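Results of the structural survey
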Amino acid sequence: MHDHEIICREFVELVTDYLEGALAPETVDLVEQHLVMCDWCRDYLGQLDATVDAVRHLEPEPPPKEMLESLLVAFREQAWEDT
Amino acid sequence: MLAYKFLRPGAVGPFSGFVWPAGEWVTAGDAPAPCRTGIHGCRVEHLPWWLQDELWLAEFDEPVEDVGRKLVTARARLVSRVDAWNAETARRFGEACARRARDRAALALQRAGADGAAAALRACDTPQRVRELARELDVPETARISVLMASDGARRAITGPTATSAYIAAHAARHDGGPTAMGTERRWQVDWLVGELGLPERAA
């Protein structure tokens, strides 16, 4: 019997990949074992899931014009230095 | 093959929210969301990791894959509920786990030379009393973590979830005796469940 069980700190590191379905099945197994017994991490997952869901429905806002121009200048200068 | 499946009240999947229709075959791809990666259950030796309100015996269609402490299939049906697993047995199991953590803490106190505190802790016959005493005790540093774990185990025996009581008892064992002790503790939990619920040792 392997004895590894993840702790809350490890769960927090894995939670984004868990929500995105990007974890290996063995790691999903460990994450879900942790969720069965840890109501704090279950709440955290629920909050994160709700946040991701809410943000997904927001219209993307363009950056302010001044910021866009300064970024373009910075990118051009960087590109010039790289040549 | 037969596998065990823990569900929330009303035969609801704890992760998927899927409501299992007892007796009907469910295919992972057809149902609204049985699970992202298939239908999951477990073998008897992995029951303590997955404790929920309802325990069911389920028939898993082949092929069945072992993944960590899970069994995974694409098609399954609930066969029968294990009625012996209920709120009362869950409470008794949680308290049994809490007593194990309490006794490890008492041993740690004894090793630290605090024989009186060890005896007082052993004499606590309810989780509530363990919680109260843990707050009152003057605990030597070398026994501090063990006593904290005993107190947390007692709290979870009172509030649940039951799986947390089992987890704390296992980690109290690890703190005391390393990975081997943790494995032994988990096997003790399996034996308790098999014995108290009258489960066949090798249904899955």
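Look a little higher up for the structure.
So, a few notes on the structure that sits alongside this text. For clarity, every value in this text was computed on a predicted model and none was experimentally measured. Positions within a chain are numbered from 1, following the residues in the order the chain's sequence is written. The naming scheme follows written order: chains are lettered A onward, ligands numbered 1 onward. Given that this is a predicted model, residues contribute local features only at a pLDDT of at least 70 and side-chain atom pairs are listed and counted only at 80 or more, while totals for whole chains, interfaces and linings are drawn from all residues. Hydrogens are left out, water is left out, and the side-chain values use all remaining heavy atoms of the structure.

Quick word on the overall build of chain B
- Within chain B, the regular secondary structure consists of five helices and seven strands.
- Listing the helices and strands of chain B from first to last along the sequence gives β-β-β-β-β-β-β-α-α-α-α-α.
- Taking the principal axes of its C-alpha atoms as reference, chain B extends roughly 60 × 30 × 30 Å.
- Buried residues in chain B amount to 53% of all 204 residues.
- For this analysis, residues touch if any pair of their heavy atoms sits within 4.5 Å. Of all intrachain contacts in chain B linking residues separated by at least 6 positions in sequence, the fraction that spans at least 24 positions is 63%. Elements are defined by DSSP. Helices are runs of H or I of four residues or more, strands are runs of E of two residues or more, and each kind is numbered from the N terminus. A simple rule labels every residue: compare its accessible area, found with a 1.4 Å probe on the protein chains alone, to the largest value its type can have, and call it buried under 20%, exposed over 50%, or partly exposed in between.

Quick look at the packing of aromatic side chains
Residue and element names in this part refer to chain B.
- The rule is short: rings of Phe, Tyr and Trp, with Trp giving its six-membered ring, pair when the centres are within 6.5 Å, and they are stacked under 30 degrees, edge-to-face over 60, tilted in between. Under the definition given, this model contains four aromatic pairs over all chains.
- Plain terms: the ring middles of Phe 6 and Trp 85 are 6.0 Å apart, the flat faces sit at 75 degrees to each other, and that makes the pair edge-to-face. Of the two residues, Phe 6 is situated in strand β1 (residues 2-7) and Trp 85 in the loop between β7 (75-81) and α1 (87-111); the sequence distance between them amounts to 79 residues. Each member of the pair, Phe 6 as well as Trp 85, is classed as buried.
- Geometrically, the ring pair formed by Phe 18 and Trp 20 is edge-to-face, given 5.5 Å between the ring centres and 80 degrees between the ring planes. Like Phe 18, the residue Trp 20 is buried in the burial classification.
- Clustering of aromatic rings is evident, with ring pairs tying together Phe 6, Trp 85, Phe 93 and Trp 192.
- Charges are assigned to positions over rings by a cutoff of 6 Å between ring centre and Lys NZ or Arg CZ, combined with an angular limit of 35 degrees from the ring normal. The cationic tip of Arg 75 hangs over the ring face of Trp 25; the distance from NZ or CZ to the ring centre is 4.2 Å.

A closer look at unusual backbone geometry
Residue and element names in this part refer to chain B.
- Omega for the bond connecting Glu 62 with Pro 63 falls within 30 degrees of zero, at 0 degrees, which places this linkage in the cis form.
- Along the chain, Pro 63 falls in the loop between β4 (54-60) and β5 (65-67).
- The residue after Gly 160, namely Pro 161, is reached through a cis peptide bond having omega -5 degrees.
- For Pro 161, the position within the fold is in the loop between α4 (144-159) and α5 (162-197).
- Unusually for a residue other than glycine, Ala 11 sits at a positive phi of about 60 degrees.
- With respect to the secondary-structure elements, Ala 11 resides in the loop between β1 and β2 (26-27).
- A relative accessible area of 6% places Ala 11 in the buried class.

A few points about helix α2 (residues 115-122) of chain B
- Taken residue by residue, α2(B) has Ala117(B), Ala118(B) and Leu121(B) as its buried positions. End-on view of α2(B): buried residues confined to an arc of 100 degrees, all on one side of the axis. Within this analysis, the arc is defined by the directions that extend from the helix axis to the C-beta atoms.

Comments concerning the sheet that holds β7(B)
All names here are of chain B.
- DSSP-based pairing: two strands are paired if at least 2 bridges between them are found. Taken in spatial order, the four strands make up an open sheet running β1-β4-β7-β2, and their pairing is antiparallel. The open sheet has two free edges, formed respectively by β1 and β2, since each of these has just one partner strand.
- Taken together, the five bridges between β4 and β7 define a ladder with antiparallel strand orientation. Along β7, the bridge assignment pairs Leu 57 with Ser 80.

Digging into the pattern of salt bridges
All names here are of chain B.
- In the sections that follow, a salt bridge refers to a side-chain nitrogen of Lys or Arg positioned within 4 Å of a carboxyl oxygen of Asp or Glu. One pass over the structure, following the stated rule, counts 20 salt bridges over all chains.
- As a salt-bridge pair, Asp 66 and Arg 43 come within 2.8 Å of each other at their nearest N and O atoms. Linking Asp 66 in strand β5 with Arg 43 in the loop between β3 (39-41) and β4, this pair joins segments that are 23 residues apart in sequence.
- Here Asp 66 falls in the partly exposed class, since its relative accessible area comes to 44%.
- When its relative accessible area of 22% is taken as the criterion, Arg 43 is described as partly exposed.

Some remarks on the interface of chain A and chain B
- Across the boundary between the two partners, chain A contributes 23 residues, which contact 23 residues of chain B.
- For the chain A and chain B pair, buried surface summed over both sides reaches about 2,100 Å², with 53% attributable to carbon and sulfur atoms.
- The interface formed by chain A and chain B holds three salt bridges in total.
- Glu5(A) is the salt-bridge partner of Arg186(B), the closest N and O atoms lying 3.2 Å from each other.
- Pairs of N or O atoms within 3.5 Å make up the polar contacts considered here, provided that, within protein, one atom can donate a hydrogen while the other can accept it, and that residues adjacent in sequence are counted only when both atoms are side-chain atoms. Put simply, chain A and chain B have nine residue pairs in polar contact (both at pLDDT 80 or more) between them.
- Mapped by element, the contributors of at least two residues to the side of chain A that touches chain B are α1 (8-19), α2 (25-37) and α3 (39-56) of chain A.
- Residue classes follow a fixed rule: Ala, Val, Leu, Ile, Met, Phe, Trp, Tyr, Cys and Pro count as nonpolar, while Asp, Glu, Lys and Arg count as charged, and any other residue, Gly among them, counts as polar. Residue composition of the side of chain A that touches chain B, by class: twelve nonpolar, four polar and seven charged. As a working definition, buried area equals the accessible area (1.4 Å probe) given up by two parts on being put together, with both sides summed.

Function-wise, these values are silent; they only describe arrangement.
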